[in-house]
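If you want the building blocks of each chain, they are given just below.
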Amino acid sequence: MSVPVTSTSDQRALITAELRAGERLLWVGQSDPSKMLGFHDRWLVPFSVLFAAAVTTGLVLAIRDGAHPLVLVLLVVSVVASLHMGGGRFLVKRHRKRTEVYAVTDQRALIVSGRVSRETDIRRTDRGTDLMDEHVSVEWNDTGDLDTLFWGGTDAIRQYANTGLDGLFGMRRDFAFYDVTDVVGLLDALEAVAPR
């Protein structure tokens with residue numbers, strides 16, 4: 001089970017355990033746990049309210065009319081899904097923000113949560129940076145291969161990034177540092193290892 005990381009020394013200890021011989025740590029930080037709403041919430045919040053209202057109404061009507069048990073089960077599952085979309089996903093997002101530690105070394109970008117560690121080559125040039133409201137998010141394009149697999153590909157994956165719905169049915173496909181308040185520290189570390 002992941003334990004919330006509360007101090008810079010805890011963050012450094014978690015990352016130090018992941019370092020390779022000779023690897024140099026340039027930056028360590030976390031996502032801002034107070035920033036819960038993101039870009040995609042402008043449509044996810046109203047949609048989840050409408051979806052919850054629709055499936056709850058359907059469930060009430062189905063119970064009243066004595067619908068087939070399979071219909072009731074499907075509606076109950078839909079109600080639970082709507083509750084996760086409306087509120088549960090924020091619990092997932094808050095947990096990630098409190099337990100995931102981001103790091104930049106001279107070789108890799110790391111995301112470590114205590115039980116899971118993910119990494120990417122720091123010299124990759126397919127990253128995007130988004131500055132917004134005194135926060136920075138840096139995202140590497142780990143989903144480009146999906147463009148050939150199904151309609152929407154990368155965009156279909158990214159629309160749920162940093163919402164608490166990403167990775168719902170398996171490992172998250174995106175690799176990103178979200179909502180970091182140490183804008184200067186992170187960007188300076190990335191610039192220090194950028195290919196020349």
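## Describing helix α5 (residues 183–192)
Burial in α5 covers these residues: V183, L186, A189 and L190. All buried residues of α5 fall inside an arc of 145 degrees around its axis, so they share one side. For α5, the exposed residues lying more than 90 degrees away from the buried face are V184 and A192. Contacts from the buried residues of α5 go to β1 (25–29), β2 (101–105), β5 (127–132), β6 (135–140) and β7 (175–180).

## Topic: the packing of aromatic side chains
This structure, assessed with the given rule, holds 6 aromatic pairs. Relative to F51, the ring of F47 lies with its centre 6.0 Å away and its plane at 5 degrees, an arrangement referred to as stacked. Placement of both F47 and F51 in helix α2 (residues 41–64) is noted, with a separation of 4 residues, approximately one turn of the helix. Overall, the relative accessible area of 42% leaves F47 in the partly exposed class. Taking the relative accessible area as the measure of exposure, F51 reaches 25% and is therefore partly exposed. An aromatic cluster is present here, built from W27, Y102, W140, F175 and F177 joined pairwise through their rings. The aromatic ring of F39 is capped on one face by R42, whose charged end is 3.8 Å from the ring centroid.

## Here's the deal with the sheet that holds strand β4 (residues 117–121)
Reading across from one edge, β1-β2-β3-β4 is the order of the 4 strands in this open sheet, with antiparallel pairing throughout. Of all the strands in the sheet, just β1 and β4 have a single pairing partner and so form its edges. In this sheet, adjacent strand axes meet at a mean angle of 15 degrees when their direction is disregarded. With 5 bridges connecting them, strand β3 (residues 108–112) and β4 associate as antiparallel partners. Across the sheet, the residue bridging to L110 is E119, located in β4. In the packing of helix α1 (residues 8–16) onto the sheet, the strands contacted are β1, β2 and β3, and the crossing angle to β1 comes to about 125 degrees. In the packing of α5 onto the sheet, the strands contacted are β1 and β2, and the crossing angle to β1 comes to about 150 degrees.

## Quick notes on the nonpolar core
With 20 residues, the main nonpolar core has W27, V104, W140, F177 and L186 as its most contacted residues. Elements that contribute at least two residues to this core include exactly β2, β3, β6, β7 and α5. At 5 residues, β7 tops the list of elements feeding residues into this core. Apart from residues lying up to four places away in sequence, V104 is in contact with R24, L25, L26, W27, I122, F177, L186, A189 and L190. Within the second largest apolar cluster, 6 residues are counted, among which are I15, V101, A103 and V112.

## Here we look at the pairing of β2
Within β2, 5 of the 5 residues are buried, leaving the element largely enclosed by the surrounding structure. Pairing between β1 and β2: 4 bridges, direction antiparallel. Bridge pairing links G29 to Y102 in β2. Judged from the 4 bridges that link them, β2 and β3 form a sheet pairing that is antiparallel. If you follow V101 over to β3, its bridge partner there is V112. Turn length for the β2-β3 hairpin, with the two strands adjacent in sequence and antiparallel, is 2 residues.

## Brief notes about the confidence of the model for the chain
Summary statistics for the chain give a mean pLDDT of 86 and a share of 84% for residues scoring 70 or more. No element of the chain has a lower mean pLDDT than helix α4 (residues 153–158), at 59, and none a higher one than β2, at 96.

What counts and how
- Residues numbered from 1 in each chain as written.
- Predicted model: local features only at pLDDT ≥ 70, side-chain atom pairs only at ≥ 80, totals over all residues.
- Heavy atoms only, no water.
- Buried < 20%, exposed > 50% of the residue type's maximum accessible area, 1.4 Å probe, protein only.
- Helix = DSSP H or I, 4+ residues; strand = E, 2+ residues; numbered from the N terminus.
- Arc of directions from axis to C-beta.
- Contact = heavy atoms within 4.5 Å.
- Phe/Tyr/Trp six-rings, centres within 6.5 Å; stacked < 30°, edge-to-face > 60°.
- Lys NZ or Arg CZ within 6 Å of the ring centre and 35° of its normal.
- Pairing = 2+ DSSP bridges.
- Axes fitted to C-alpha atoms, helices over the stretch in contact; angles between N-to-C directions.
- Core = buried A, V, L, I, M, F, W, Y, C linked by side-chain atoms within 4.5 Å.
- pLDDT = per-residue confidence, 0-100.

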